[in-house]
Amino acid sequence: MGKVVVLVWLCAYAYLTHQYAQLWVHPLPLWEHAAKIAPLKPRPWLHVGIGLVLAGRWDEADAAFVRAADVAMLPHVSTQDRIITNDIAGQNRIALRRLVNAR
Amino acid sequence: MLARLCGAALLMLAYSTLWQPATWVYNDRSLVNPTTITMRRSLEQTTWAMTSTPRSARLLNLLLHSCNVLLVGLLLYRLGVGDRVASIVALAWALHPLHVETVAYAAGRSELLAATGILIAVLATAANGRGWGVWALLGIGLGLAAKESAIVVLALIPFVRISLGYRWRLTATACGAAIVAAIVWFGGPEHIINQEIYSAQITMSEWLLIQSTAAMRLMWLSIVPIRQTIDFDYDLVSHGVRVICVIALLAWAGVSWRMRHTLIGIGLVWTIISIAPRLVVQTPRSYLNEHQFYTPSIGLALAIARRKGGA
């Protein structure tokens, strides 16, 4: 019985490790997962936006940057994070518009 | 032997998704920024020169993790745990989902190397054979050349000697002097504590509260590894919960110290010692995360094992 419990425990860990490791193959699923767990934190949304830009999904990327900037204005977010998020999100949105216009 | 081979196969299978063509390690320069890798991390820089592709970089990380698993197993055996239990606990530590970030993430390389150095040093200390000091020095040098946080080994060594009933006063004096020398070399307490840029610094008490919360969350994840994330929102945690976490951490430290002659006490104090610097040093806008919990998690592995014949 003890051996069965140990085996199940080890297999459970191996399964969870395998599942979590799949998120690390590409930044987009990793940061989408982070945004799902912490939807009121700006940084994951910023990285989702960057991941979407890399994936060529520019409209969704723009929406993610807007979301990051909106979340950054929530009261619990530190001033430092608010400034950095608005700066990066703003720059990325300007760059995206230039890319779209250049097409 | 067959069980160990199956364990190794299980470890490779668990991490098998990392062999997919991944560009994650090298393309995101914000994570592998050469300017943040200081001269003090010369060993880590050398290993980066050895791996030219993301796949080979991750393979090296996994090999380092496997090496650390062996060292953890050896340490458990040296601390009086039976062969079979030591193998099972080491394998469980190897397969724990909390280590995915350390293996898959670029910055995890330094943590892996630092842990290797720490384990060599503590293993030599626990063995207490002829020339143990030479091996311990080798481990300390390896750890510090990998990452500054390996400085915790200078507290772990005398602690292990105290717990195992060895002569410890000379070792503790030498290690204490080395810690002071290291702090002076790094530039004094002011430079150590304020790694964060000035405008982003928070008060010491606030930092302690949030880091304690992060520590308690990671300890919980060590037991129930569900809802892991690369970036948890600690800013959302209420002040009351943070205070409870600090009290819980202090209670943890106190109870663990009283049990320091048992394996569970050794493990729990190891975890607290490994986390302690992070409660004080403000690292750039990043609270205690999973790859920084790699060395402290070794303590939890020690704590769940059981010596032959009891504690």
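Summary of the structure given here. From a predicted model like this one, the values you see are computed outputs, not experimental measurements. (Residues numbered from 1 in each chain as written. Chains lettered and ligands numbered in written order. Predicted model: local features only at pLDDT ≥ 70, side-chain atom pairs only at ≥ 80, totals over all residues. Heavy atoms only, no water.)

Comments concerning empty space enclosed by the protein
Residue and element names in this part refer to chain B.
(1) Moving on: Evaluation of the coordinates by the stated rule reveals two cavities of 30 Å³ or more.
(2) Moving on: Its boundaries defined by the atoms lining it, the largest cavity holds a volume of some 80 Å³.
(3) Moving on: If you trace the largest cavity, you find it lined by E111, I118, S149, V152, S274, P277, R278, Q292, T295 and P296.
(4) Moving on: Going through the elements one at a time, α7 (108–127) and α15 (294–304) are the ones with two or more residues in the lining of the largest cavity.
(5) Moving on: Considered class by class, the residues forming the lining of the largest cavity number four nonpolar, four polar and two charged. (1 Å grid on protein atoms, 1.4 Å probe; cavity = no way out; pocket = protein on both sides within 12 Å on 5 of 7 lines; lining within 4 Å. Points joined across faces, edges and corners; volume = space filled by probe spheres on them. Helix = DSSP H or I, 4+ residues; strand = E, 2+ residues; numbered from the N terminus. Nonpolar A, V, L, I, M, F, W, Y, C, P; charged D, E, K, R; others polar.)

Section: unusual backbone geometry
Residues and elements named next belong to chain B.
(1) Moving on: Notably, N128 is not glycine yet its phi reads approximately 55°, a positive angle.
(2) Moving on: Structurally, N128 can be placed in the loop between α7 and α8 (132–146).
(3) Moving on: One non-glycine residue with positive phi stands out, namely R227, at about 60°.
(4) Moving on: The class of R227 is exposed, set by a relative accessible area of 55%. (Buried < 20%, exposed > 50% of the residue type's maximum accessible area, 1.4 Å probe, protein only.)

Considering α7 of chain B
All names here are of chain B.
(1) Moving on: Along its 20 residues, α7 runs 28 Å from first to last C-alpha, staying within 8% of the 28 Å computed at 1.5 Å per residue.
(2) Moving on: Taking burial as the measure, the 20 residues of α7 include 18 buried ones, the bulk of the element.
(3) Moving on: With its phi angle positive at about 55°, N128 sits one or two positions after the end of α7. (Expected span 1.5 Å × (residues − 1).)

Some details on the packing of helix α9 (residues 153–163) of chain B against helix α14 (residues 263–275) of chain B
Residues and elements named next belong to chain B.
(1) Moving on: Where α9 contacts α14, the two axes come as close as 11 Å, and the packing angle between them is 160°. With respect to their mutual orientation, α9 and α14 come out roughly antiparallel. Crossing geometry of α9 relative to α14 is assigned as right-handed. Contact residues: A155, L156, F159 and S163 in α9; G265, I266, V269, W270, I273 and S274 in α14.
(2) Moving on: A breakdown of the residues in the contact of α9 with α14 according to their chemical character gives seven nonpolar, three polar and no charged. (Axes fitted to C-alpha atoms, helices over the stretch in contact; angles between N-to-C directions. Parallel < 35°, antiparallel > 145°, perpendicular 65-115°, else oblique. Left-handed = near helix turned anticlockwise from the far one by under 90°. Contact = heavy atoms within 4.5 Å.)

Structural notes on the pattern of salt bridges
Residue and element names in this part refer to chain A.
(1) Moving on: Per the stated rule, a full pass over the model turns up seven salt bridges over all chains.
(2) Moving on: In this structure, E60 and R57 form a salt bridge, with 2.9 Å as the shortest nitrogen-oxygen distance.
(3) Moving on: When its relative accessible area of 40% is taken as the criterion, E60 is described as partly exposed.
(4) Moving on: Take R57: its relative accessible area is 34%, and that puts it in the partly exposed class. (Salt bridge = Lys/Arg side-chain N within 4 Å of Asp/Glu carboxyl O.)

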